[in-house]
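# Architecture and fold: a report
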Amino acid sequence: MSECRICLNSSNDSALISPCMCSGSIQYVHSSCLQRWLKEKYPNRYKNMLSRTRSCSTGLKCELCKYEFQGKIKFLGLSGILKKLKETQALIYIVLNVPVILYLVYKFNHLLRHLLNVSKSHINLIRIQSSGCKKFLMLIKFYIRFLVGLLPVAVFGASAPTIAYSTMILAKNLISECQVFEIKSVSRKM
Ligand SMILES: [Zn+2]
Ligand SMILES: [Zn+2]
């Protein structure tokens, strides 16, 4: 009876494969056990591999025989994807971030327009002022007001792309979470 070299069981929902050149009692492993082990052992390499296109060197090797595992990157089935979504909660953040980003963009646009309109009327006021000294003081006052008004515009303007970027990273991670590296059994010449 062949058993999995990771969980030492013979039964599991996942198929027993022999993915490398190891032979004998350590030849077999569950596809799911091997995936879990690879994810824990090489978290970055595993993640990078999922974000790349198919059929390239994986860099994921058997510790014993150093054979590089071969396989295909596949999307999980619907039930697997739903399970992942439940586990990660990333989708909730992504969905919640969308109205936040829209609000920030709206607010930025609104504040910027307001600032420009106010500035325009102030400049007109300064222009019609005849006294040079008063003109100068008004100009100083205007600059200070303008800089103070610019601060919230800058804050809203900077936070929208920042949140959008982190949401994009979250979405990208979520997509790679919904993929697996399905490892093939090697064909052996007996
Ligand atoms: Zn197993
Ligand atoms: Zn091996």
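Residues numbered from 1 in each chain as written. Chains lettered and ligands numbered in written order. Predicted model: local features only at pLDDT ≥ 70, side-chain atom pairs only at ≥ 80, totals over all residues.

## Side note on the UniProt feature "transmembrane region" (unreviewed entry) in the protein chain
Per the UniProt annotation, the sites labelled "transmembrane region" (unreviewed entry) are residues 90–106 and 142–165. End-to-end, the C-alpha atoms of residues 90–106 are 25 Å apart, and along that stretch the chain is 100% helix and 0% strand. For the annotated span residues 142–165, helix accounts for 100% and strand for 0% of the residues, and the straight-line distance between the end C-alpha atoms is 35 Å. (UniProt positions renumbered as here; feature names shortened; annotations may be inferred. Helix = DSSP H or I, 4+ residues; strand = E, 2+ residues; numbered from the N terminus.)

## A few points about the environment of T88
Along the chain, the position of T88 falls in helix α3 (residues 78–88). Judged by the 15 C-beta atoms lying within 10 Å of it, T88 is partly exposed. Not counting chain neighbours up to four residues away, the residues in contact with T88 comprise L174 and E177. (Buried ≥ 20, exposed ≤ 12 C-beta atoms within 10 Å, placed from the backbone. Contact = placed C-beta atoms within 7 Å.)

## Considering unusual backbone geometry
One non-glycine residue with positive phi stands out, namely L8, at about 60°. Checked against the element boundaries, L8 lands in the segment before β1 (16–17). Overall, the presence of 8 C-beta atoms within 10 Å leaves L8 in the exposed class. A positive phi angle, close to 65°, is found at K66, a residue other than glycine. Mapped onto the secondary structure, K66 falls in the loop between α2 (43–51) and β3 (71–75).

## A word on the domain arrangement of the protein chain
Annotation of the protein chain at the domain level lists domain 1 (1–69) and domain 2 (90–175). Taking only C-alpha atoms into account, the centre of domain 1 sits 52 Å from that of domain 2. (Domains from an automatic or database assignment.)

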